[in-house]
Amino acid sequence: MAAAVRLCAMLCLAAAALGKRSAVKVLSDGMWRELLHGEWMVEFYAPWCPACQNLQPEWEKFAEWGEDLEVNIAKVDVTEQPGLSGRFVITALPTIYHCKDGEFRRYQGARTKSDFINFISDQEWKSIEPVSSWFGPSSVLMSSMSALFQLSMWIRHCHNYLTENVGIPVWGSYAVFTLATLFSGLILGLIIVFLADCICPSKKYRPPQYPHSTGGIFIFLYLVWVVCYLLILDLGSS
């Protein structure tokens, strides 16, 4: 009888542990504006990253103190949310940011629960210079970077679909993206030339100047597409 009671108690504890909801909030690309209000600690991680896996227990314990410290504890899976990864220019994993009322600071201290708690309770974040407004997540530059990362992930998915589902060989996928890059660059170039001709029409007494200026823009856009394509191919092969 006593053994049955102990077994029942153990099962109840196990069920409670499994049913316990994590205090860590999961952020997506469409939720990033929530970081502009209140105080946040955000971890950027990847499921395959060993250092990120080691951090998770401490991060979960830290999140249990979130309500007492009046801080939101969140995490972002960079493999699922490329837009947020690009918006914060994540180049190393794990990366932790402190966000408070629209100011963003990168946390570079020790990664234990007590260190996280002291960082918030003692306001150690005040000694860290915030990210410049030019490179802040809400800036036009970082919004463009976010869009580029999302586009890169979309290209990667298309590449995987063509090679895995359709059965196109890898070189065939490369050819498709090369033709798409050339065609889209041609269309963009024609649009730019058309707009330039409408805004600054050429006059008889002077030669038109727009081909020289638009040529540089066309080359720049073309290079952006090529770099984006090569980046995704590199990620896909890793």
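Residues numbered from 1 in each chain as written. Predicted model: local features only at pLDDT ≥ 70, side-chain atom pairs only at ≥ 80, totals over all residues. Heavy atoms only, no water.

## Considerations on the overall build of the protein chain
Part 1 of the argument: If you tally the helices and strands in the protein chain, you get eight helices and five strands.
Part 2 of the argument: When the 238 residues of the protein chain are sorted by exposure, 32% land in the buried category.
Part 3 of the argument: Across the protein chain, contacts joining residues at least 24 apart in sequence account for 69% of those joining residues at least 6 apart.
Part 4 of the argument: For the protein chain, the accessible area works out to roughly 15,000 Å², and carbon and sulfur atoms hold 64% of it. (Helix = DSSP H or I, 4+ residues; strand = E, 2+ residues; numbered from the N terminus. Buried < 20%, exposed > 50% of the residue type's maximum accessible area, 1.4 Å probe, protein only. Contact = heavy atoms within 4.5 Å. Areas by Shrake-Rupley, 256 points an atom, 1.4 Å probe, with all protein chains shown as cover.)

## Concerning the pairing of strand S3 (residues 72-77)
Part 1 of the argument: Extensive coverage of S3 is indicated by the burial of five of its six residues.
Part 2 of the argument: Across two bridges, strand S1 (residues 25-26) lies against S3 in parallel orientation. Of the residues in S3, the one forming a bridge with Val 26 is Lys 75. (Pairing = 2+ DSSP bridges.)

## Here we look at the sheet that holds strand S5 (residues 103-107)
Part 1 of the argument: With mixed pairing, five strands are arranged side by side in an open sheet as S1-S3-S2-S4-S5. The open sheet has two edge strands, S1 and S5, and neither has a second partner.
Part 2 of the argument: Along the sheet face, helix H2 (residues 50-63) touches strand S2 (39-45), S3 and strand S4 (95-100) and points at about 160° away from the line of S2.
Part 3 of the argument: Where helix H5 (residues 113-121) meets the sheet, it contacts S2, S4 and S5, and its direction lies at approximately 145° from that of S2. (Axes fitted to C-alpha atoms, helices over the stretch in contact; angles between N-to-C directions.)

## A few points about unusual backbone geometry
Part 1 of the argument: A cis amide bond links Leu 93 to the next residue, Pro 94, at an omega of -10°.
Part 2 of the argument: Look at Val 89: it is not a glycine, yet its phi comes out positive at around 50°.
Part 3 of the argument: Here Val 89 shows up in the loop between helix H4 (82-87) and S4.
Part 4 of the argument: Positive phi, close to 50°, is recorded for Gln 123, a residue that is not glycine.

## Considerations on helix H7 (residues 170-199)
Part 1 of the argument: If you check H7, its first and last C-alpha atoms are 43 Å apart, about what 30 residues at 1.5 Å a residue would give, namely 44 Å.
Part 2 of the argument: For H7, the full list of buried residues reads Gly 172, Ser 173, Phe 177, Thr 181, Ser 184, Gly 185, Gly 189, Ile 192 and Ala 196. (Expected span 1.5 Å × (residues − 1).)

## Observations regarding the nonpolar core
Part 1 of the argument: Formed by 19 residues in total, the largest nonpolar core has its most connected members in Leu 27, Val 42, Phe 44 and Phe 88.
Part 2 of the argument: For this core, the secondary structure elements donating two or more residues are S2, S3 and S4.
Part 3 of the argument: The element best represented in this core is S2, accounting for four residues.
Part 4 of the argument: Contact partners of Val 42, with chain neighbours within four places excluded, come to Leu 27, Leu 35, Trp 59, Ala 74, Val 76, Thr 95, Ile 96, Tyr 97 and Cys 99. (Core = buried A, V, L, I, M, F, W, Y, C linked by side-chain atoms within 4.5 Å.)

## Notes on the packing of H2 against H5
Part 1 of the argument: Closest axis-to-axis distance for the H2/H5 pair is 8 Å, and the angle between their directions is 45°. With respect to H5, the element H2 is oriented oblique. Crossing geometry of H2 relative to H5 is assigned as right-handed. Contacts from Leu 55, Glu 58, Trp 59, Lys 61 and Phe 62 of H2 reach H5 at Lys 113, Phe 116, Ile 117 and Ile 120.
Part 2 of the argument: Partitioned by chemical class, the residues of the contact of H2 with H5 number six nonpolar, no polar and three charged. (Parallel < 35°, antiparallel > 145°, perpendicular 65-115°, else oblique. Left-handed = near helix turned anticlockwise from the far one by under 90°. Nonpolar A, V, L, I, M, F, W, Y, C, P; charged D, E, K, R; others polar.)

## Brief notes about the pattern of salt bridges
Part 1 of the argument: Counting across every chain of the model gives two salt bridges.
Part 2 of the argument: Across the salt bridge formed by Glu 39 and Lys 100, the nearest N and O atoms sit 3.9 Å from each other. Placement of the pair is Glu 39 in strand S2 and Lys 100 in strand S4, with a sequence separation of 61 residues.
Part 3 of the argument: The exposure class assigned to Glu 39 is buried, which follows from its relative accessible area of 11%.
Part 4 of the argument: The salt bridge involving Arg 105 is made with Glu 103; its shortest N-O contact spans 3.2 Å.
Part 5 of the argument: On the basis of relative accessible area, Arg 105 is assigned to the buried category, the value being 6%.
Part 6 of the argument: By relative accessible area, which is 37% here, Glu 103 ends up partly exposed. (Salt bridge = Lys/Arg side-chain N within 4 Å of Asp/Glu carboxyl O.)

## Considering the environment of Trp 48
Part 1 of the argument: Inspection of the secondary structure puts Trp 48 in the loop between S2 and H2.
Part 2 of the argument: With relative accessibility at 61%, the residue Trp 48 sits in the exposed group.
Part 3 of the argument: Separated by 31 residues in the primary sequence, Trp 48 and Thr 79 place their C-alpha atoms 9.6 Å from one another.
Part 4 of the argument: With near-sequence residues (within four places) excluded, Trp 48 lies in contact with Gln 53, Thr 79 and Leu 93.

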